[in-house]
Amino acid sequence: MAQRNFLSRLGDELRYSLDNLTETVGDLAVPTVRLGVTGLSRAGKTVFITALIHNLVNGGRLPMFDASAEGRIARAALEPQPDDDVPRFDVEAHVETLLNERLWPQSTRRISELRLTIEFESASLLSRTLGRGRLHLDIVDYPGEWLLDLPLLEKDFRSFCEEALARARDPARADVAAPFLAALAAADARAEAAEPTARLLASRYTDYLGACRADERALSMLPPGRFLMPGDLEGSPALTFAPLDPATLEGSPRPGSLAAMMERRFEAYKKHIVRPFFRDHFARLDRQIVLVDALNALNAGPAALRDLEAALAEILAAFRPGRVSRLFSIFTRRIDRILFAATKADHLHRADHDRLEAILKRTVARAIERAEYSGADVDALALAAIRATREASVTHDGETMPAILGTPLPGERVNGDTYDGNTEIALFPGDLPDDPEEVFAGSEARNPPVRFVRFRPPALQTTAEGATLSLPHIRLDRALQFLIGDHLA
Amino acid sequence: MTGPDHPPDGAAHRRRPDRERKPAAFRLDDARVRLDSDAHEALTRGETRVVPTGATAPRQAAATPERSPRGVSWGRWLTIGLGGLASLAIGLSIDALIRDLFARTDWLGWLAVALAGLAAMALLGLILREVTGLLRLKKIDEIRTSLTAAAEDDDDATARAGLRQLIALYRERPETARGRRALTDHLGEVIDGRDLVILAERDLLKPLDARALRIVNDSVKRVSLVTAISPRAVLDLAIVLVENLRIMRRISALYGGRPGVFGFLRLARHVAAHLAVTGGMAAGDSLVSQLLGHGLAARLSARLGEGVINGLLTARVGIAAIEVCRPAPFIAARGPNVSDVMGELFKGDPEAQALLEEAKAAPPRKD
């Protein structure tokens, strides 16, 4: 596999160091923590960020978050963000949607950023006297699909085609990939490049990726990510390409041929879209939380889980965990704490949280190993940034089961019953196995033993003054403590 | 902890049927679904009962520590026999006395009967108090054992049971109201076992810990001072003894114990055992050597040096008492150590203070 050329890599590194240098100077005034919220689409990034801000700003119940529980947080407020060319994360609108309309935020279509400034009193005498008592927390929200592009940075067109076609020919995807493969067979890579052919291939490929993502399959490894969520680049040439059959790519393609055009567009995609995205938002992170929606994959079966595992492994390889000595931290940043969180933990009973954690750890085992090897602190937990359900025990036909109470989203189905979005139900989602390997092994044919349903956000009471009570959550406080607790100690 | 026939992880709430259970959903507005209905009412076939669980699903009692089997304890039987004989003798002599008094004058006899009744009542009260005191101490030990186990295994159910007992223990203490309310709130949420124990420490026990430390501090100061100025060695000895016993009683009372005589003996035995096990010296040792080695004691008069040594002893006893009486282990918080207590003593002396800082900064030795 050909590697990204040395010069461009060197250039990137120099640029990171320069940026870092200017930021270090800024940090002397008020320290900044860049929190990378990483997760594929629908993993719950936007909800996590919204819940985090709402809880910190409104002083929510965070008993395991030391600074908040000990009453040392004087104030937390949103401040003007450092980058003026990025839209602001619209936290107010998201809270409004969640609380009043009881809907989850729409899937994120573009990048947005925000800065939360926390004023606190340190618990230790030394940093209380010397420290500034302020901390900037910079968070970026972006469409999760775009993360799938990060592994492309290290690939050339040929290896991209090989991998993409190997996946498309996988039996699990064969039926949805058929239209694309047919179009590909009809096109001749050596022939003169024609825009209609390129457009047809690209649109078929996009349809195939979209079909793979649908709930029945819930597959994750679907690069390039902008095909699924183009943002404002829809229809531009950089997005009008598709993988070609590697068998037709022998030798260097004739200039002007379809293959040459596709390759050029792929390189342009990497250069103008992927690399700036990575450079601006991921190259210099201090802390990272990786949100994983394991439940959706569990619903779809072992193939989806294996695909999720592969996608996360490739994506996380693009990040740089590890420790940097004090001296070198002027030039470079490393992610020294990574938290892996299985989101939507409120969709199953707490008795199963340990098993969900085990499945999560198995899914990201490679990334955990790598992060620990490079010296970063790693933790994994089952999390619900906003808790949409209550727990109950259900007795039916002489059998008592642990269940959850909640209102399913309109259109959700269990055992052939479809809900309208207003009915509250008690759901026993099935038992997760004790051994996480069990959910990875096995074939498609087997009916998954578990069925998770998406619930609507909780109905929250407001006080007489109209103030909303804090958003309920599961282990959000522990996540916060792990991610930024040491900066507020 | 658990016996050999229990599953090794000890978490009973994780047990579930072997066969696979199918996912199932029940609409709450269905006529056949009863929400919150009376748990004793029988369900007909096809009906479903849904009971929201606020705090925890199954209420599982904490595993009780197993008793070690004992052989025939002859000493105990001897005590019982002799004690019975002695009681009979006392009873007989009282009986004889009352008869004699009746033989003299009636009113003297009645007076004696009344006094005997009073004594009997007081005796009963005393016994009752001793028994409740002992039970309470035992209860505190049980809570500590179950909380320690819960923190080690990160076991939700055990932690919740332990926390409920802890809240019940402090119910009659108005100053803990805030902590108890916070803890009750935590119980309603999904929080892991170990985290719950940490929260209990922080919300409920932290103010008590601070007061316990102050109690030890006061005693250390008193002992050091009295030793330094007392004219006779016998007097110091008495003071040290009295202060140490007082520390134990006050700390036990602070953490919710109400030891009577027997309870107190038991407590003293535990404190002594704790001192023996941990050496009681881990932190103290380095401190003493620091102080003496740097010639601090020599700079002071011999009496003052003795005062410091006696103070150290008292501090160690006090810390052991805290660890024995506290109904939860130290998990998130660092337990108090000798330098915490002695620091107060040398507040005025910058050089001693520096030495203490040094001793504190040195990595604590694990026992």
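**Q** Any chance you could break down the sheet that holds strand β7 (residues 377–382) of chain A for me, citing the residues and the numbers?
**A** All names here are of chain A. The strand order across the open sheet formed by seven strands is β2-β3-β4-β1-β5-β6-β7, and the pairing between neighbours is mixed. What marks the edges here is a single partner per strand, and that holds for β2 (73–79) and β7. Neighbouring strand axes in the sheet, compared pairwise and without regard to direction, differ in orientation by 20° on average. In this sheet, strand β3 (residues 112–120) lies alongside β2 in antiparallel orientation, the contact comprising six bridges. Pairing of A76 across the sheet is with I118, part of β3. Those strands touched by helix α13 (residues 353–363) are β5 (287–292), β6 (337–342) and β7, and its axis lies near 135° from that of β7. Across the sheet, helix α16 (residues 476–484) lies against β1 (32–39), β4 (134–141), β5, β6 and β7, angled at about 165° from β6, the strand it touches most.

**Q** Break down the packing of helix α2 (residues 106–153) of chain B against helix α3 (residues 156–169) of chain B for me, with residues and values.
**A** Residue and element names in this part refer to chain B. For the pair α2 and α3, interaxial distance at closest approach is 8 Å and the crossing angle is 150°. On the basis of the axis angle, α2 is roughly antiparallel to α3. Regarding α2 and α3, the two cross each other, and that crossing is left-handed. Where α2 approaches α3, its residues K139, I143, S146, L147, A149 and A150 are matched on the opposing element by T158, A159, A161, G162, Q165, L166 and L169. For the contact of α2 with α3, the residue count by class is eight nonpolar, four polar and one charged.

**Q** Lay out the domain arrangement of chain A with the relevant residues and their values.
**A** Residue and element names in this part refer to chain A. Here chain A is partitioned into domain 1 (6–147 + 277–387 + 474–488) and domain 2 (150–274). On a C-alpha basis, the centroid separation for the pair domain 1 and domain 2 is 31 Å. For the side of domain 1 that touches domain 2, the elements supplying multiple residues, two or more each, are α10 (258–281), α11 (294–300) and α12 (302–316). Of the residues belonging to the side of domain 1 that touches domain 2, the class tally is 16 nonpolar, two polar and five charged.

**Q** Tell me about the nonpolar core, and please be specific about residues and values.
**A** In terms of nonpolar packing, the biggest core is built from 142 residues, with A:V292, A:F340, A:A341 and A:L383 touching the most fellow members. For this core, the leading source of residues is α10(A), giving nine residues. A domain split of this core shows at least three residues from each of domain 1 (6–147 + 277–387 + 474–488) and domain 2 (150–274) of chain A. Ignoring anything within four residues of it in the chain, the contact list for A:V292 reads A:G39, A:A43, A:L312, A:F340, A:A341, A:A342, A:T343, A:L360, A:T363 and A:V364. If you look at the next biggest cluster of nonpolar residues, it comprises 47 residues, including B:V197, B:L208, B:A212 and B:V308.

**Q** Give a description of the packing of helix α5 (residues 193–229) of chain B against helix α6 (residues 233–254) of chain B that names residues and reports values.
**A** Residues and elements named next belong to chain B. Two elements in contact, α5 and α6, have axes whose closest approach is 10 Å; the angle formed by their N-to-C orientations is 175°. Looking at the two axes, α5 sits roughly antiparallel to α6. In contact with L208, R211, A212, I215, V216, S219, R222, V223, V226 and T227 of α5, α6 contributes D236, I239, V240, E243, R246, I247, R250, I251 and L254. The residue makeup of the contact of α5 with α6, split by class, is eleven nonpolar, two polar and six charged.

**Q** I'd like a rundown of the interface of chain A and chain B, residues and numbers included.
**A** Across the boundary between the two partners, chain A contributes 32 residues, which contact 26 residues of chain B. Per-element tally for the side of chain A that touches chain B: the top contributor is strand β8 (residues 390–396) of chain A, with seven residues. When grouped by side-chain class, the residues that make up the side of chain A that touches chain B number 18 nonpolar, six polar and eight charged.

**Q** Any chance you could break down the confidence of the model for chain B for me, citing the residues and the numbers?
**A** All names here are of chain B. Per-residue confidence for chain B gives a mean pLDDT of 78; residues scoring 70 or more make up 74%. Contacts for the low-pLDDT stretch residues 1–14, under 50 throughout, to residues beyond four places or in other chains number 22 contacts. Scoring of the predicted complex yields 0.83 for pTM and 0.75 for ipTM.

**Q** Give me the lowdown on helix α4 (residues 177–187) of chain B, citing residues and values where you can.
**A** Working note: α-helix, 3.6 residues per turn, so residues spaced by three or four point in the same direction. Residues and elements named next belong to chain B. Within the sequence span of α4, burial applies to G179, R180, L183 and H186. Across the axial projection of α4, the buried residues extend over an arc of 120°, all falling on one side. Every exposed residue of α4 that faces more than 90 degrees away from the buried side is listed here: A177 and R178. Contacts from the buried residues of α4 go to α3 and α5.

About the cut-offs
Residues numbered from 1 in each chain as written. Chains lettered and ligands numbered in written order. Predicted model: local features only at pLDDT ≥ 70, side-chain atom pairs only at ≥ 80, totals over all residues. Pairing = 2+ DSSP bridges. Helix = DSSP H or I, 4+ residues; strand = E, 2+ residues; numbered from the N terminus. Axes fitted to C-alpha atoms, helices over the stretch in contact; angles between N-to-C directions. Contact = placed C-beta atoms within 7 Å. Parallel < 35°, antiparallel > 145°, perpendicular 65-115°, else oblique. Left-handed = near helix turned anticlockwise from the far one by under 90°. Nonpolar A, V, L, I, M, F, W, Y, C, P; charged D, E, K, R; others polar. Domains from an automatic or database assignment. Core = buried A, V, L, I, M, F, W, Y, C linked by C-beta atoms within 7 Å. Buried ≥ 20, exposed ≤ 12 C-beta atoms within 10 Å, placed from the backbone. pLDDT = per-residue confidence, 0-100. Arc of directions from axis to C-beta.

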